[in-house]
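Analysis of the macromolecular model
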Amino acid sequence: MQMQQTIERPAVCAGIGVHSGEKARLVLKPAPVGTGVVFRRTDLDASDITIHAHADAVSDTRLGTTMTNEAGVSVAVVEHLMAALAGMGIDNLIIDIDGPEVPIMDGSSAVFCELLLQAGLKKQSAPRRRIRILETVEIIDGPKRATLSPSDDSVLTLRARIEYDDSVIGIQQMALRLAPGMFARDLAFARTYGFARDVEMLRANGLARGGSLDNAVVLEDGAVMNPEGLRAEDEFVRHKMLDAVGDLMLAGAPIAGSYDAVQPGHALNNALVRKLLATPSAWCWETDADIEAEMPVRARVSV
């Protein structure tokens, strides 16, 4: 039976925000059963510095996922950390952060996965709750499309397709069953990416101020500018799937179903999760204990 998980002991990392360019220190702390994932802006003297990681709190999806509480306190670019939590099976965690944006680190989720492993994964006393998809929900935005649909599996299966005019990316597609260990092996290393031609425009709009070749794959004139090159030929679609894992984690629990997307992005993912949660007939809560209770007695006897 899958049980809820937190970490054994606190873990710390620090870095700069890819958009704000500001330094921030993260302290990941164990949390009791049923807490969920909670951010706390320790640098602010506000009436409420707590931000619960949930799709309803998402306030901005421009080149990242930002969450804001009712007091106006926000934390930006949460998706890579949330993806690591989903991929490593963490249900309950307190995240203290002393800046406005989660550090970008190397542009992937790999550092966060390593941090969680160093902290130790701790099983807790309550069964893990999943969101079981019962009916297909879909979001269409021009050429962009994303769906969540039922499956017989107890984990999330992802399929994504992206298409760019740039010859380095072109058309890429991938499918992955998010079984234990698969995220860390197949997605966590994939870095965020962008185009050199967009940098001045982004910075003029207050974005990408901390971006560099150390924390993003940058493309120019059909070539990769990073001296080390790519970590995989399809690193781009892998990163899009990484982002989707983080954004879907904001449903509030792991999802048992299938995610299919064409040209996915943070806005599309958030709209999909919001539509799912707003459609009660499309999902239900589930634990392994629920499944076992519904099985015939003979089926539960091992042979």
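Being a predicted model, the structure only gives us computed values, none of them experimental. (Residues numbered from 1 in each chain as written. Predicted model: local features only at pLDDT ≥ 70, side-chain atom pairs only at ≥ 80, totals over all residues. Heavy atoms only, no water.)

1. Describing the environment of alanine 184
Definition in use: The way it works is that DSSP assigns letters per residue, a run of H or I at least four long becomes a helix, a run of E at least two long becomes a strand, and they are numbered from the N terminus. Only protein chains enter the accessibility calculation, which uses a 1.4 Å probe; a residue whose area is less than 20% of its type maximum is buried, one above 50% is exposed, and one in between is partly exposed.
Summarising the element assignment, alanine 184 is placed in helix H3 (residues 182–186). Alanine 184 sits in the partly exposed class, given a relative accessible area of 39%. Along the primary structure alanine 184 and phenylalanine 236 are separated by 52 residues, whereas in three dimensions their C-alpha atoms are 16 Å apart.

2. Overview of the sheet that holds strand S2 (residues 11–16)
Heads up, the condition is: Any two strands between which DSSP finds at least two bridges are classified as paired. Orientation is described by lines fitted to C-alpha atoms, with helices fitted over the stretch in contact, and by angles between N-to-C directions that extend from 0 to 180 degrees. Residue contacts follow a heavy-atom distance rule, with two residues in contact if any of their heavy atoms lie within 4.5 Å.
Strands sit in the order S2-S3-S9-S4-S5 across an open sheet of five strands; the sheet is mixed. The open sheet is flanked by S2 and strand S5 (50–52), the only strands paired with a single partner. Averaged over all neighbouring strand pairs, the angle between strand axes comes to 20°, with direction disregarded. The pairing of strand S4 (residues 37–41) with S5 spans three bridges and is classified as antiparallel. What sits directly across from arginine 40, in S5, is threonine 50. Taken strand by strand, helix H1 (residues 79–88) contacts strand S3 (23–30), S4 and strand S9 (93–97), and its axis lies near 145° from that of S4.

3. What about the UniProt feature "active site" (unreviewed entry) in the protein chain?
The condition is simple: UniProt positions are given in the numbering used here, feature names are shortened, and annotations may be inferred rather than shown by experiment.
Using the residue numbers shown here, the UniProt feature "active site" (unreviewed entry) corresponds to His266. On the secondary structure map, histidine 266 appears in helix H6 (residues 266–277). Apart from the residues lying within four places of it in its own chain, the contact partners of histidine 266 are Thr61, Leu63, Gly64, Thr65, Glu79, Asp243 and Asp247.

4. Points about the sheet that holds strand S17 (residues 217–220)
Pairing in this open sheet of three strands is mixed, and the strands run S16-S17-S18 from one edge to the other. For this open sheet the edge positions go to strand S16 (193–195) and strand S18 (223–224), each flanked by a neighbour on one side alone. Relative to S17, S16 runs parallel, the two being bridged by three bridges. The residue bridging phenylalanine 195 from the neighbouring strand is leucine 219, located in S17.

5. Brief notes about the pattern of salt bridges
Just so we agree on the cut-off: One speaks of a salt bridge when a side-chain nitrogen belonging to Lys or Arg is within 4 Å of a carboxyl oxygen belonging to Asp or Glu.
Counted under the stated rule, the structure contains 16 salt bridges. Across the pair aspartate 43 and arginine 41 runs a salt bridge whose closest N-O atoms are separated by 2.8 Å. A relative accessible area of 35% means that aspartate 43 is categorised as partly exposed. Residue classification places arginine 41 among the buried residues on the basis of a relative accessible area of 7%.

6. A few points about unusual backbone geometry
Backbone geometry places aspartate 221, a non-glycine residue, at a positive phi of 50°. As for its placement among the helices and strands, aspartate 221 is situated in the loop between S17 and S18. Accessibility expressed as a relative area gives 78% for aspartate 221, which makes it exposed. Unlike most non-glycine residues, glutamine 263 shows phi in positive territory, near 55°. By secondary structure assignment, the location of glutamine 263 is in the loop between strand S19 (255–262) and H6.

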